[in-house]
Amino acid sequence: MDNTPSVPVPKTDVSVFIGPIELGILVAVFLFGCSVIQGHTYYSTFKSDPWILKALVTVALLLEAAKVISGASSLWFLTVTSYGNPQAAFAKFPPAADLVILFSCLSGAVIHAVDNVNDP
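Below is a short write-up of the structure. Not measured: the values here are computed from a predicted model.

Our focus in this paragraph is the overall build of the chain. What the chain contains, in helices and strands, is four helices and zero strands. Beginning at the N terminus, the succession of helices and strands in the chain can be written as α-α-α-α. By the burial criterion, 22% of the 120 residues in the chain qualify as buried. In the chain, the proportion of contacts linking residues at least 24 apart, taken out of those at least 6 apart, comes to 66%. Element-wise, carbon and sulfur atoms account for 70% of the exposed surface of the chain, whose accessible area totals about 8,500 Å².

Here's what the structure looks like:
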């Protein structure tokens with residue numbers, strides 16, 4: 001028999017945590033759609049740009065897509081996989097949330113590279 005005393009977990013309002021995450025993911029998906037439209041406009045308008053610039057724009061769009069997918073996966077973990085068990089949802093960081101941070105950093109670096117290639 002286990003004599004370890006169990007510590008009661010206080011009741012928390014998970015909407016305080018999950019609500020902002022869900023809103024952030026929805027805004028990120030909307031802004032990703034804007035980025036896709038901007039990328040399409042770039043490719044159809046500036047056909048004579050150097051290939052390196054086009055490649056950097058492609059990489060930036062792919063990283064943004066990966067970031068949105070990772071964010072959606074994190075939201076899925078918090079709302080579907082951990083449904084009904086808020087302690088499990090917040091016991092560990094969602095696995096894909098680490099990727100959101102990584103893809104955000106890489107995307108920022110690529111976007112700065114695009115800006116540096118574009119400057120004379």
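Now that the structure has been shown, we can carry on.
Summed over the entire model, instances satisfying the criterion amount to two aromatic pairs. Their ring planes at 65 degrees and their centres at 5.2 Å tell us that Tyr-42 and Tyr-43 sit as a pair that is edge-to-face. For Tyr-42, a relative accessible area of 13% translates into the label buried. Within the aromatic cluster, the residues linked to one another by ring pairs are Tyr-42, Tyr-43 and Phe-46.

Of note, Ser-82 is situated in the loop between helix 2 (51–81) and helix 3 (86–91). A relative accessible area of 7% places Ser-82 in the buried class. Residues within four places of Ser-82 in sequence aside, it is in contact with Phe-77, Ala-88 and Ala-89.

The next thing to look at is a nonpolar patch on the surface. Residues Leu-23, Val-27, Phe-30 and Leu-31 make up a contiguous nonpolar surface patch of about 410 Å² in total accessible area. By the secondary structure assignment, Leu-23 is in helix 1 (residues 15–45). Relative accessible area serves as the criterion here: at 55%, Leu-23 is assigned to the exposed category.

Right, let's talk about the nonpolar core for a bit. Within the largest apolar cluster, 10 residues are counted, these being Tyr-42, Leu-53, Leu-56, Val-57, Ala-60, Leu-63, Ala-66, Phe-103, Val-110 and Val-114. Of all the secondary-structure elements, those providing two or more residues to this core are helix 2 and helix 4 (95–118). Counting residues per element, this core draws most heavily on helix 2, which supplies six residues. Leave out the neighbours within four places in its chain, and Val-114 touches Leu-53, Leu-56 and Val-57.

It is worth spelling out helix 1 at this point. The terminal C-alpha atoms of helix 1, which comprises 31 residues, lie 44 Å apart, in line with the 45 Å expected from a rise of 1.5 Å per residue. The elements touched by buried residues of helix 1 are helix 2 and helix 3.

Take the side chain of Ser-70 next. Inspection of the secondary structure assignment puts Ser-70 in helix 2. Taking relative accessible area as the criterion, Ser-70 reaches 6% and is therefore assigned buried. Filtering out sequence-adjacent residues up to four positions away, Ser-70 remains in contact with Ala-96, Leu-99, Val-100 and Phe-103.

Calculation notes
Residues numbered from 1 in each chain as written. Predicted model: local features only at pLDDT ≥ 70, side-chain atom pairs only at ≥ 80, totals over all residues. Heavy atoms only, no water. Helix = DSSP H or I, 4+ residues; strand = E, 2+ residues; numbered from the N terminus. Buried < 20%, exposed > 50% of the residue type's maximum accessible area, 1.4 Å probe, protein only. Contact = heavy atoms within 4.5 Å. Areas by Shrake-Rupley, 256 points an atom, 1.4 Å probe, with all protein chains shown as cover. Phe/Tyr/Trp six-rings, centres within 6.5 Å; stacked < 30°, edge-to-face > 60°. Patch = residues over 30% accessible without salt bridge, like charges linked within 9 Å, V, L, I, M, F, W, Y side chains within 5 Å. Salt bridge = Lys/Arg side-chain N within 4 Å of Asp/Glu carboxyl O. Core = buried A, V, L, I, M, F, W, Y, C linked by side-chain atoms within 4.5 Å. Expected span 1.5 Å × (residues − 1).

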